[in-house]
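Summary of the model geometry
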Amino acid sequence: MAEPMNKKQKRADYRQAQKENVISELPRKRFYRQRAHANVFSDHNLEYPKTPNHMDWSTYFPAFATTTEPVIPSQTAETGMTGAGDVHPKKLSKEVEVVDIGCGFGGLLVALAPVLPDTLILGLEIRTSVAEYVQHRIAALRTQNPDTTLYRNIGCLRANTMKFLPNFFRKSQLTKAFICFPDPHFKQRKHKARIVSTTLNSEYAYALRPGGIVYTITDVEDLHLWMVRHLEAHPSFERISEEEQDADPCVEIMKTETEESKKVERNKGQKFIALFRRLEDPPW
């Protein structure tokens, strides 16, 4: 008699079945267990393109692929990603314009998809199991809506934003960047791992076009003040007024649709929000 599978084996089998078969049933989180946070300074064996031009987005947004030329795999020590090298990857009819940095279980992506139907939206998530859950969630939603374009405009990529953002996005490519309930890293010696910092803000400024917006939300007031202070101090950003902030429909979605925002709501916690606009570069 075969021994019963343990929980780890059950999770692995379930996720493999989700991966091999495009199942219309939404994935269940209990089969994608992972620690709440990941060490952003560790080597996570990530794949990333040498430059944005080497990135093959057709895997994540197949409905927008404009060519069917096969990508010949080539892997180099410096890129660590198949599809890099001299062979051009498949092109899309439009570029990714909106990113959710640390997208978690994809609540914001799914909610934004019908609101921004003509915009490609990408979730960036460093945790392996969580990114896999979002990918399976998107695949299931697409299967449930076969006769529409719904959810074809969202994708999820496993990546470390703190290290490789410029590898994926060219200068002034993005219009919106969401930073929702990031790890607060309470200890002072851990503040260097916060997703908003002087150095990282320059990378966001590089990827965002003038007029683009950084959206931040957290339930930790100290982190909120930290993000506001660092973004206000950066010459490429200005804070958006509360009146304009309240009129932005994406703000209400950010406040209510992410898994963390729902948890804060259940616990009757506070939500601190700040938006920042990318300014025009001064004449050089």
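Residues numbered from 1 in each chain as written. Predicted model: local features only at pLDDT ≥ 70, side-chain atom pairs only at ≥ 80, totals over all residues. Heavy atoms only, no water.

In the annotation of an unreviewed UniProt entry, the entry for the protein chain reads tRNA (guanine-N(7)-)-methyltransferase, and the organism field reads Xylaria arbuscula.

1. Structural notes on the side chain of Lys176
Mapping Lys176 onto the fold places it in strand β4 (residues 174–180). The buried charged residue Lys176 lacks any salt bridge, with Asp248 as its nearest oppositely charged partner at 4.5 Å. Excluding residues that lie within four positions of it along the chain, Lys176 makes contacts with Glu97, Val98, Val99, Leu208, Ile213, Tyr215 and Cys250. (Helix = DSSP H or I, 4+ residues; strand = E, 2+ residues; numbered from the N terminus. Buried < 20%, exposed > 50% of the residue type's maximum accessible area, 1.4 Å probe, protein only. Lys, Arg positive; Asp, Glu negative; His and termini not counted. Salt bridge = Lys/Arg side-chain N within 4 Å of Asp/Glu carboxyl O. Contact = heavy atoms within 4.5 Å.)

2. What about the packing of aromatic side chains?
Following the criterion strictly, the structure yields eight aromatic pairs and no others. When the centroid spacing of 5.2 Å and the interplanar angle of 80 degrees are considered together, the rings of Phe105 and Tyr133 count as edge-to-face. Of this pair, Phe105 sits in the loop between β1 (96–101) and α2 (107–115) while Tyr133 sits in helix α3 (residues 128–144); the two residues are 28 residues apart in sequence, bridging distant segments of the chain. Owing to a relative accessible area of 21%, Phe105 belongs among the partly exposed residues under this scheme. Centroid distance Phe178 to Tyr215: 4.3 Å. Interplanar angle 20 degrees. Geometry classified as stacked. (Phe/Tyr/Trp six-rings, centres within 6.5 Å; stacked < 30°, edge-to-face > 60°.)

3. A word on the confidence of the model for the protein chain
Considering every residue of the protein chain, the mean pLDDT works out to 86; 78% of them sit at 70 or more. Throughout residues 70–80 the model reports pLDDT below 50, and contacts reaching past four residues in sequence, or to other chains, amount to 22 contacts. (pLDDT = per-residue confidence, 0-100.)

4. Digging into the packing of α2 against helix α8 (residues 249–256)
For the pair α2 and α8, the least separation of the axes is 9 Å and the interaxial angle reads 150 degrees. By the angle between their axes, α2 is roughly antiparallel relative to α8. The two elements α2 and α8 meet at a crossing, and its hand is right-handed. Contacts between α2 and α8 involve Leu108, Ala111, Leu112 and Val115 on the former and, on the latter, Cys250, Ile253 and Met254. Partitioning the contact of α2 with α8 into residue classes produces seven nonpolar, no polar and no charged. (Axes fitted to C-alpha atoms, helices over the stretch in contact; angles between N-to-C directions. Parallel < 35°, antiparallel > 145°, perpendicular 65-115°, else oblique. Left-handed = near helix turned anticlockwise from the far one by under 90°. Nonpolar A, V, L, I, M, F, W, Y, C, P; charged D, E, K, R; others polar.)

5. Description of empty space enclosed by the protein
This model, assessed by the stated rule, comprises one cavity of 30 Å³ or more. Put simply, the largest cavity is a space of about 30 Å³. If you go around the largest cavity, the residues you meet are Val99, Ile101, Leu165, Leu174, Ala177, Tyr204, Ala207 and Leu208. Of all the elements in the fold, those that place two or more residues in the lining of the largest cavity are β1, β4 and α5 (198–207). Residues that form the lining of the largest cavity fall into these classes: eight nonpolar, no polar and no charged. (1 Å grid on protein atoms, 1.4 Å probe; cavity = no way out; pocket = protein on both sides within 12 Å on 5 of 7 lines; lining within 4 Å. Points joined across faces, edges and corners; volume = space filled by probe spheres on them.)

6. Comments concerning unusual backbone geometry
Not every positive phi belongs to a glycine, and Ser172 is a case in point at roughly 60 degrees. When you line up the elements, Ser172 lands in the loop between α4 (161–168) and β4.

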